[in-house]
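Take a look at the letters that make up each chain.
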Amino acid sequence: MILASVCISIAVLSYLLGSLNFGVIISNYFKKDDVRNHGSGNAGSTNMLRNYGKSWAILTIIGDMLKVAVAIIIAFAALKITNVSSLLENYFGEDTSLIIKSYAGLFAVIGHIFPCYFSFKGGKGVATAGGMVFMIDWRIALILLGIFFVVVLVTRFVSLGSIIMAILYPVFMLIFYKSAVLTVIALVFTLIVVVAHRGNIVKLINGTESKISFKKQKS
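Let us look at the structure shown here.

What counts as what
- Residues numbered from 1 in each chain as written.
- Predicted model: local features only at pLDDT ≥ 70, side-chain atom pairs only at ≥ 80, totals over all residues.
- Heavy atoms only, no water.
- Helix = DSSP H or I, 4+ residues; strand = E, 2+ residues; numbered from the N terminus.
- Expected span 1.5 Å × (residues − 1).
- Buried < 20%, exposed > 50% of the residue type's maximum accessible area, 1.4 Å probe, protein only.
- Contact = heavy atoms within 4.5 Å.
- Phe/Tyr/Trp six-rings, centres within 6.5 Å; stacked < 30°, edge-to-face > 60°.
- Lys NZ or Arg CZ within 6 Å of the ring centre and 35° of its normal.
- Core = buried A, V, L, I, M, F, W, Y, C linked by side-chain atoms within 4.5 Å.
- Polar contact = N/O pair within 3.5 Å; in protein donor to acceptor, adjacent residues only side chain to side chain.

### So, helix H4 (residues 54–81)
Okay, so step 1: Spanning 28 residues, H4 covers 41 Å between terminal C-alpha atoms, matching the ideal 40 Å at 1.5 Å per step.
Okay, so step 2: Listing the buried residues of H4 in full gives Trp56, Ala57, Thr60, Gly63, Asp64, Lys67, Val68, Ala69, Ala71, Ile72, Ala75 and Leu79.
Okay, so step 3: Where H4 is buried, its residues contact helix H1 (2–18), helix H2 (22–31), helix H3 (45–52), helix H5 (85–92), helix H6 (96–113) and helix H7 (126–136).
Okay, so step 4: The first or second residue beyond H4 is Asn83, which carries a positive phi of 60 degrees.

Here it is in C-alpha cells:
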C-alpha cells in the first residue's frame, strides 16, 4: 500500500512539474505572447528559436531539462524518506536507480506534452526527455546530443535529429547496460517522442518540413 501510494505521488508530482512548459511561460512573461500562436504551434525550443531567437530557445531548453531533474531528485527523496527504495531493490536489483529516474522522467515528459496548466497543449518532450537521459547516464546523453547536432547541421531538420535520437536511445541503453527491462522502458520513451513527432514525420516524407534557421526572426 505504501509503495503504491508513493509511486502514485511521484507520478502526479512529476507530471505537474513536467506541465511547467517553459516555452509558454517565457513567451507569456517576457514577450507578452504565446509561442503556440506562431509557427508550428508547438511550445518547444525549436519554435521559440524561430520566433524569438537563440537566447529564448536556450532558456527554454534549460528550463525544460531542469524540471525533470527536479522531479527525479524529489522521487529519490520521497522513496528514501518512506523507506520504499529497499522494496523496489528487491524487485529490480541493480537497475532500481535507473528505473526510478525513468519512471519520474516518463510522467514529466507526459506533462510537458500535455501540460495541465496550458490547456494540455505543450511541446514534444525532446528537451525534457534529454534532461532525463543526462540524469540516467551522461555518456549516452552526450553521444545522442552529438548525433543530434550532426543530423541538424547536415539536414537542417531539428525534427529528424530528435527522432533519430529517440530511436537510438534504447539501442545505447542495451549496449551500455544489457538489460531487457531498461531497454523496454527506453523503447516507451522512443514511442512517445516519435508519436509526438508524427506530424513532422509526414512532412519529412512529403518534403514539406521546415528547415531550421539560426537567425532571429522576431524580437
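### Re the packing of aromatic side chains
Okay, so step 1: Following the criterion strictly, the structure yields five aromatic pairs and no others.
Okay, so step 2: When the ring of Phe30 is compared with that of Trp56, the centres are 5.1 Å apart and the planes differ by 35 degrees; the resulting orientation is tilted. With Phe30 in helix H2 and Trp56 in helix H4, this residue pair connects regions lying 26 residues apart in the sequence.
Okay, so step 3: Residues Phe148 and Phe149 carry aromatic rings whose centres are separated by 5.6 Å and whose planes lie at 65 degrees to one another, so their mutual orientation is edge-to-face.
Okay, so step 4: The exposure class assigned to Phe148 is buried, which follows from its relative accessible area of 15%.
Okay, so step 5: Above the face of the Tyr29 ring, Lys32 is positioned so that its terminal group lies 5.5 Å from the ring centre.

### Some points on unusual backbone geometry
Okay, so step 1: Even without being a glycine, Lys32 presents a positive backbone phi close to 50 degrees.
Okay, so step 2: Within the element layout of this structure, Lys32 appears in the loop between H2 and H3.

### As for the nonpolar core
Okay, so step 1: One finds Met132 and Tyr169 to be the most contacted residues of the largest nonpolar core, which totals 45 residues.
Okay, so step 2: Tallying contributions element by element places H6 first for this core, with eight residues.
Okay, so step 3: Residues in contact with Tyr169, not counting those within four places in the same chain, are Met132, Val133, Ile136, Ile140, Leu144, Ala186 and Phe189.

### Side note on the environment of Ser19
Okay, so step 1: Take Ser19: it is sitting in the loop between H1 and H2.
Okay, so step 2: Among the residues examined, Ser19 registers a relative accessible area of 0% and is labelled buried.
Okay, so step 3: Placed 188 residues apart in sequence, Ser19 and Gly207 show a C-alpha to C-alpha distance of 32 Å.
Okay, so step 4: Contact partners of Ser19, with chain neighbours within four places excluded, come to Gly111, His112, Phe114, Pro115, Cys116, Tyr117 and Phe118.
Okay, so step 5: Here Cys116 takes part through its backbone nitrogen, which lies 3.2 Å from a polar atom of the side chain of Ser19.

Such coordinate-based values are descriptive only and should not be taken to indicate function.
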